[in-house]
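Coordinate analysis (summary)
The residues making up each chain are set out below.
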Amino acid sequence: MPDLSEAGTYRRVALLGGVYSNYLALEAALKLVENKVDAVFALGDFGAFGPHPDRTLELLREKGVPAIQGNYEESLATDTDDCHCGYTDPRDNHFARISYDYTKERTSSEHKRWMGTLPKTLRLRVGKSRVLLCHGSPRRINEFLWESATPVPFVRRLLAEHETDVVACTHTGLHWKRWLAPGRGIVNAGALGRPANDGTPRVWATILEEADSVLDARFVPVDYDHERLAREMAEERLPSEFVETARTGWWTTCLEAMPAKERAAGRF
Amino acid sequence: MSAPAVRAYPVAPLTALDTVWFQVAGTLCNIRCAHCFISCAPDNRSFPMMTRAEVGARLREAEEFGAREYYFTGGEPFMNKEIFEILGDALALGPVSVLTNALLIKPKTAARLKSLAGASPYSLDLRVSLDGYDAATNDPIRGEGTFDRIMAGLGELAAAGHDPVVTTTEACEGVAASEGRARFLEFLRAAGLKRPRLKVLPLLRLGAETARTHAYESWETLRGRELSETEGAGLQCTTSRMVTAKGVYVCPLLIDFPGARLAATLRESLRPFELAYPACFTCHATGLSCRT
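Residues numbered from 1 in each chain as written. Chains lettered and ligands numbered in written order. Predicted model: local features only at pLDDT ≥ 70, side-chain atom pairs only at ≥ 80, totals over all residues. Heavy atoms only, no water.

Another point: the interface of chain A and chain B. The interface is formed by 28 residues belonging to chain A together with 26 residues belonging to chain B. Together chain A and chain B conceal approximately 1900 Å² of surface at their shared face, both sides included; 44% is due to carbon and sulfur atoms. If you sort the residues of chain A by the area they bury against chain B, Pro153, Arg157 and Lys261 of chain A come out on top, with a joint share of 25%. Of the charged contacts in the structure, one is a salt bridge between Arg157 of chain A and Asp18 of chain B, with a shortest N-O distance of 2.7 Å. The interface formed by chain A and chain B holds 18 residue pairs in polar contact (both at pLDDT 80 or more) in total. At the level of secondary structure, the elements contributing two or more residues to the side of chain A that touches chain B comprise helix H6 (152-161) and helix H9 (260-265) of chain A. For the side of chain A that touches chain B, the element with the highest residue contribution is H9 of chain A, accounting for five residues. Looking at the side of chain A that touches chain B residue by residue, the class counts come to 14 nonpolar, three polar and eleven charged. (Contact = heavy atoms within 4.5 Å. Buried area = accessible area lost by both parts, 1.4 Å probe. Salt bridge = Lys/Arg side-chain N within 4 Å of Asp/Glu carboxyl O. Polar contact = N/O pair within 3.5 Å; in protein donor to acceptor, adjacent residues only side chain to side chain. Helix = DSSP H or I, 4+ residues; strand = E, 2+ residues; numbered from the N terminus. Nonpolar A, V, L, I, M, F, W, Y, C, P; charged D, E, K, R; others polar.)

The following block contains the structure:
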């Protein structure tokens, strides 16, 4: 049996999906949940999309936020040339490469070393429920678990194979949850660093808590100075497509991996 | 002590049953494409249509194994008279993709598909095959007059609010390179698709394609090769199976090969497969996955 208390037992925790170098949203989220949760966990992909990657890493480390690796940290820690985001479309890969090259170049070697010390998964308890934190899925760091493509039978299999009540993941950038039974299911924390393709610049954090003896997930909008982020992205000569997303909330890249339902909800 | 048996070909284990394919229309198709790797045609009855009951039996098994997604192909799936009921059954269990030539997509069909998609929490993806930017490139492959009819079908899907995926093959010159791909997507946008998606497939020198070009050469084989874990994980046969009216096959490409039929049921088909076919060489060399 896996150690279920690896990262402790809590009543209420905050989960942060991909921060993507959006250190301004990270600051805002940490402030928002301060004194409201027992702990904050970061689910990987601290770089990509935004500017000045070290600012996010300094903040996470200074605040002592327990973290797991995403594909970005795995790639940066091992000095590989590719972020292994898992896209198949050449346009998506083109933008993924720009992000990765920028982030790799500007991430200090000390932070890269730290990334290599992070676990790929963490287990904790929230109330009575066993929760497994992972980046893509418990079986693959860059597996996309979209709401419309992660069906109940598959979730049941994941929970059984990984001996947990809840899988909490990120990687897709869109937040959602699916319960198979009270306190048993999957929660995708979405992204803290990029809007949820909903036409608003806000981003999202996730609160896992036991209420009335049953675990539930709440998605909390986080407002931050997105105009400042957009300005800094432009100053850093990051692609105008990224800047547009920070301002409008509509995704302009990473579109081809999306299933029909999620794609139809966006503008592009 | 005897030495362990030496295998001539590497073996792919089934690591997880994620994707289940259904050859729901058998080998029956309303057109006869020059590059079809299983030679589907109006008169190819080597694989019959599947009934809703046959599909349902395998869907129940797939659910038990925690399958992640379902693909429906043929032949032409919309020639199957029970197709809407079958798609509804599958959409109750997970996301569905249908591979079609769009010739039978009329306003009523597109609307019915839209309502099926709306009723499920899971995605319904429609994947339409098209082999060029115009009739001059498409029709020699897919048949006289098909370009206009496929574009009409795509138009109906778009009008009903679908975002179809268009599949093309490397028979469409230049499409595999990013310039060609961008050109193809632009063409689809101009044709009225709001959020066009494109899947480019390599050609498989099997079935009708062997007459159009040529068969595999003798050196195009995985014989004597050993696959690393990463190479193995990239092969679609490690995570999927193909269900037909004549049993469960290892993948959609090899149904013409009796040795690729694994069992009558999914449960019995979950065993390793020896990669002894030239198409296995293509999957390995190109990273081909029939998934979208």
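All names here are of chain A. At their nearest, the axes of helix H2 (residues 53-62) and helix H5 (residues 109-117) sit 11 Å apart, and the two run at 55° to each other. By the angle between their directions, the pair H2 and H5 is classed as oblique. Pair H2 / H5 crosses with left-handed handedness. Residues Asp54, Leu57, Glu58 and Arg61 of H2 pack against Glu110, His111, Arg113, Trp114 and Met115 of H5. Here the residues of the contact of H2 with H5 sort into three nonpolar, one polar and five charged. (Axes fitted to C-alpha atoms, helices over the stretch in contact; angles between N-to-C directions. Parallel < 35°, antiparallel > 145°, perpendicular 65-115°, else oblique. Left-handed = near helix turned anticlockwise from the far one by under 90°.)

Residue and element names in this part refer to chain A. One open sheet accounts for four strands, arranged S3-S2-S9-S10; its pairing is mixed. Strand pairing shows two members of the sheet lacking a second neighbour, strand S3 (39-42) and strand S10 (214-222), which therefore form its edges. Ignoring which end each strand starts from, the neighbouring axes of this sheet average 25° apart. The sheet contact formed by strand S2 (residues 12-16) and strand S9 (residues 203-211) spans four bridges and is antiparallel. (Pairing = 2+ DSSP bridges.)

Residues and elements named next belong to chain A. Viewed as axis vectors pointing N to C, helix H7 (residues 226-235) and helix H8 (residues 240-248) meet at an angle of 175°, and their least axial separation amounts to 9 Å. For the element pair H7 / H8, the angle class is roughly antiparallel. Counting all contacts with H7, which are made through His226, Glu227, Leu229, Ala230, Arg231, Met233 and Ala234, the residues of H8 involved are Phe242, Val243, Ala246 and Arg247. Within the contact of H7 with H8, the residues separate by chemical class into seven nonpolar, one polar and three charged.

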